[in-house]
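As a plain string of letters, each chain reads:
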Amino acid sequence: MTRIIAGRWGGRRLAVPPRGTRPTTDRVREAVFSRLDHGDHLRGARVLDLFAGSGALAFEALSRGASEATLVESDARAVSVLRANARDLAAGPDARVVKERVRPFLGRAAGPWDVVLLDPPYDIARDELAAVLEGVAEAVDADGIVVLEWSTRAGDAPWPWALEEVAAKAYGETTVRYAVPRAGGPDVSAGGGSVEA
């Protein structure tokens, strides 16, 4: 079990899939949502949670004021858990669970979303993640934000040019990276941001 940290469902517990997913720790989730709250990214936001697992990220966002969340997950066991968690919270139409692989979903999805949350498997191939992030760049609102949780050992994220990393913070084996849509013309010298210890 994991729990929602704050907001209207603060303290409520969520079931997690029996295996095959890696729930975000309370410490990391608190840090992510403190930053999103501080930047006023959540109030009334449309949220997209990719590789949703238990849905802890999306349900935390809804608890803290997001207006709706789409949770995308391909694993059937995890989808059953997601739907059960949504029912237990009485999330209703605010939480839309989609059983599909992320890249096909992004290829047909109608955005834009204000907040895109990604917690892919740590062993995802770098070129696969790069392709996913290309799709995310098309799906996020021009004033939106993308949050990627990935292995610290993996190094810099393969952001497409259209997304600019603005912050990164390491929490042991996990690094959380934040990116926003890039404004202006191409800049071939652009690179990833540095990681704070």
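Residues numbered from 1 in each chain as written. Predicted model: local features only at pLDDT ≥ 70, side-chain atom pairs only at ≥ 80, totals over all residues. Heavy atoms only, no water.

J.: Please explain the overall build of the protein chain as it appears in this structure.
T.: A tally of helices and strands in the protein chain yields five helices and nine strands. Across the protein chain, helices and strands are ordered from the amino to the carboxyl terminus as β-β-α-β-α-β-α-β-α-β-α-β-β-β. Across its three principal axes, the protein chain shows a C-alpha extent of roughly 50 × 35 × 30 Å. Out of the 197 residues in the protein chain, the part that is buried amounts to 48%. By sequence separation, contacts in the protein chain at least 24 residues apart represent 64% of the contacts at least 6 residues apart. (Helix = DSSP H or I, 4+ residues; strand = E, 2+ residues; numbered from the N terminus. Buried < 20%, exposed > 50% of the residue type's maximum accessible area, 1.4 Å probe, protein only. Contact = heavy atoms within 4.5 Å.)

J.: Would you explain helix α1 (residues 26-38) in this entry?
T.: Since the α-helix turns once every 3.6 residues, residues separated by three or four places project in the same direction. Counted at 1.5 Å a residue, the expected span for α1 with its 13 residues is 18 Å, and the 18 Å between its end C-alpha atoms agrees. Buried residues of α1: V28, R29, V32, F33 and L36, and no others. The arc that holds the buried residues of α1, viewed along the axis, is 120 degrees, so those residues lie on one side. Of the exposed residues in α1, those oriented more than 90 degrees away from the buried face are R27 and H38. On its buried face, α1 is in contact with β1 (2-3), α2 (56-63), β6 (113-118), β7 (140-151), β8 (163-171) and β9 (174-181). (Expected span 1.5 Å × (residues − 1). Arc of directions from axis to C-beta.)

J.: Is there a simple way to think about the sheet that holds β7 in this case?
T.: Note: strands within a sheet are paired through backbone hydrogen bonds, in either parallel or antiparallel orientation. Pairing within the open sheet is mixed, and its seven strands lie in the order β5-β4-β3-β6-β7-β9-β8. The sheet is open, and its two edges are formed by β5 (95-99) and β8, each paired on a single side. Here the average twist between neighbouring strands, direction ignored, is 15 degrees. The pairing of β8 with β9 spans eight bridges and is antiparallel. Within β9, the residue paired with A170 across the bridge is T175. Along the sheet, α2 contacts β3 (46-50), β4 (68-73), β5 and β6; its crossing angle with β4, the most-contacted strand, is approximately 180 degrees. Sheet contacts for helix α3 (residues 76-88): β4 and β5; angle to β5, the most-contacted strand, approximately 165 degrees. (Pairing = 2+ DSSP bridges. Axes fitted to C-alpha atoms, helices over the stretch in contact; angles between N-to-C directions.)

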